[in-house]
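Here are the chains, one letter per residue:
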Amino acid sequence: ENQIKEVFGRVVEAAFPSSEKAMEILKSGRRLSFYLGIDPTGPDIHLGHITNFFVLKKLIKLGHRVILLIGDFTARIGDPTGKDTARQPLSKEQIKQNMRTYLEQVYKILPKREVEIKYNSKWVEKMNLEKLMEAGGYFTIQQMIARDMFQRRLQEQKPISWNEFLYPLLQGYDSVAMEVDGEIGGNDQTFNMLVGRDLVKKMLGKEKIVISTKLLEDKETGKKLMSKSEGRYVSLNDSPQDMFGKIMALPDFAI
């Protein structure tokens, strides 16, 4: 029981449907499957991902199945989360180059033999219009447009691309394709993860746990202190000297 409580330690901000219900499911004794998704929008895995890796390690220790999903398809769209301007799509070649050293970085933290690696291009590329319409039919325009970054763009008369609008749906469909029991992610991903929770419930008729972890943010601006898209992070590929220098350059509260 103490090991289960550790999963919901100080790095976890929220769990859905609730922390109590999630703990109850984990106590059931069933071997569950959990995943963390990372889009290869840059060449590095950074300290911002590590919080989630440690939660995955605790789940592995409890005997659960853990999947690291590399979003090689969704990276082509670009997650609109927290962005005030439309994301620039990446080419297949850029994505392939970005994820070239991903696994060697992942295995510095997660045990190689106990984590499954999957790529969402495997099913999203095969997703036909009928399947997309089926998934999209479970959501309304109002639900999607309610996202805070979309509301900001509307107020500022900035464009929202169809691709960005579809992003939460495609990320949510990952949960259906893998038939997972749970997903781990930063609290900036809560909306996307809950779309997946709704899809799992409606398309598979089962429960999906969502564990949302705290991000390291600048107290004044609210921006992430570890961000691939803004080129501001401590990479797992950095030398010890560079890691030390970058960390010491952070504000005191962050250290």
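Further up the page is the structure itself.
These figures come from a predicted structure and were not determined experimentally. (Residues numbered from 1 in each chain as written. Predicted model: local features only at pLDDT ≥ 70, side-chain atom pairs only at ≥ 80, totals over all residues. Heavy atoms only, no water.)

With that settled, consider the overall build of the protein. Of the regular secondary structure elements, the protein holds 13 helices and six strands. Viewed in the frame of its principal axes, the protein has a C-alpha envelope of about 50 × 50 × 35 Å. Residue burial in the protein is summarised as follows: out of 255 residues, 46% are buried. Accessible surface, the protein: about 13,300 Å² in total, of which carbon and sulfur atoms supply 51%. Computed over 39 positive and 34 negative side-chain charges, the separation of the two mean positions in the protein equals 4 Å. (Helix = DSSP H or I, 4+ residues; strand = E, 2+ residues; numbered from the N terminus. Buried < 20%, exposed > 50% of the residue type's maximum accessible area, 1.4 Å probe, protein only. Areas by Shrake-Rupley, 256 points an atom, 1.4 Å probe, with all protein chains shown as cover. Lys, Arg positive; Asp, Glu negative; His and termini not counted. Charge placed at Lys NZ, Arg CZ, Asp CG, Glu CD.)

With that out of the way, let us pick up unusual backbone geometry. Here Phe16 and Pro17 are connected by a cis peptide whose omega angle stands at 10 degrees. Summarising the element assignment, Pro17 is placed in the loop between strand E1 (12-16) and helix H2 (19-26). Positive phi values are uncommon outside glycine, yet Glu179 reaches one of about 55 degrees. Following the sequence through the fold, Glu179 ends up in the loop between helix H11 (162-178) and strand E5 (182-186).

Now for the pattern of salt bridges. Going through the model one piece at a time under the given rule, you end up with twelve salt bridges. Residues Lys92 and Glu125 are paired through a salt bridge, measuring 3.9 Å at the closest nitrogen-oxygen approach. Of the two residues, Lys92 sits in helix H5 (residues 92-98) while Glu125 sits in the loop between helix H7 (121-124) and helix H8 (129-136), which places them 33 residues apart along the sequence. For Glu125, a relative accessible area of 46% gives the class partly exposed. Linking Asp181 and Lys206 is a salt bridge whose minimum nitrogen-to-oxygen distance equals 3.0 Å. Here Lys206 lies in the loop between helix H12 (190-204) and strand E6 (209-213) and Asp181 lies in the loop between H11 and E5, a separation of 25 residues in the sequence. (Salt bridge = Lys/Arg side-chain N within 4 Å of Asp/Glu carboxyl O.)

Moving on, we get to the packing of H11 against H12. Put simply, H11 and H12 touch, their axes get as near as 7 Å, and they point 50 degrees apart. Taken as axis vectors, H11 and H12 run oblique relative to one another. Where H11 crosses over H12, the two elements pack in a sense that is right-handed. The residues of H12 that touch H11, namely those facing Tyr167, Pro168, Leu169, Gln171, Gly172, Tyr173, Ser175 and Val176, are Phe191, Asn192, Met193, Val195, Gly196, Leu199, Val200, Met203 and Leu204. (Axes fitted to C-alpha atoms, helices over the stretch in contact; angles between N-to-C directions. Parallel < 35°, antiparallel > 145°, perpendicular 65-115°, else oblique. Left-handed = near helix turned anticlockwise from the far one by under 90°. Contact = heavy atoms within 4.5 Å.)

The next subject is a nonpolar patch on the surface. Taken together, the side chains of Phe244, Met248 and Ile255 present a nonpolar region at the surface, about 350 Å² in accessible area. Mapped onto the fold, Ile255 is located in the segment after helix H13 (240-248). (Patch = residues over 30% accessible without salt bridge, like charges linked within 9 Å, V, L, I, M, F, W, Y side chains within 5 Å.)

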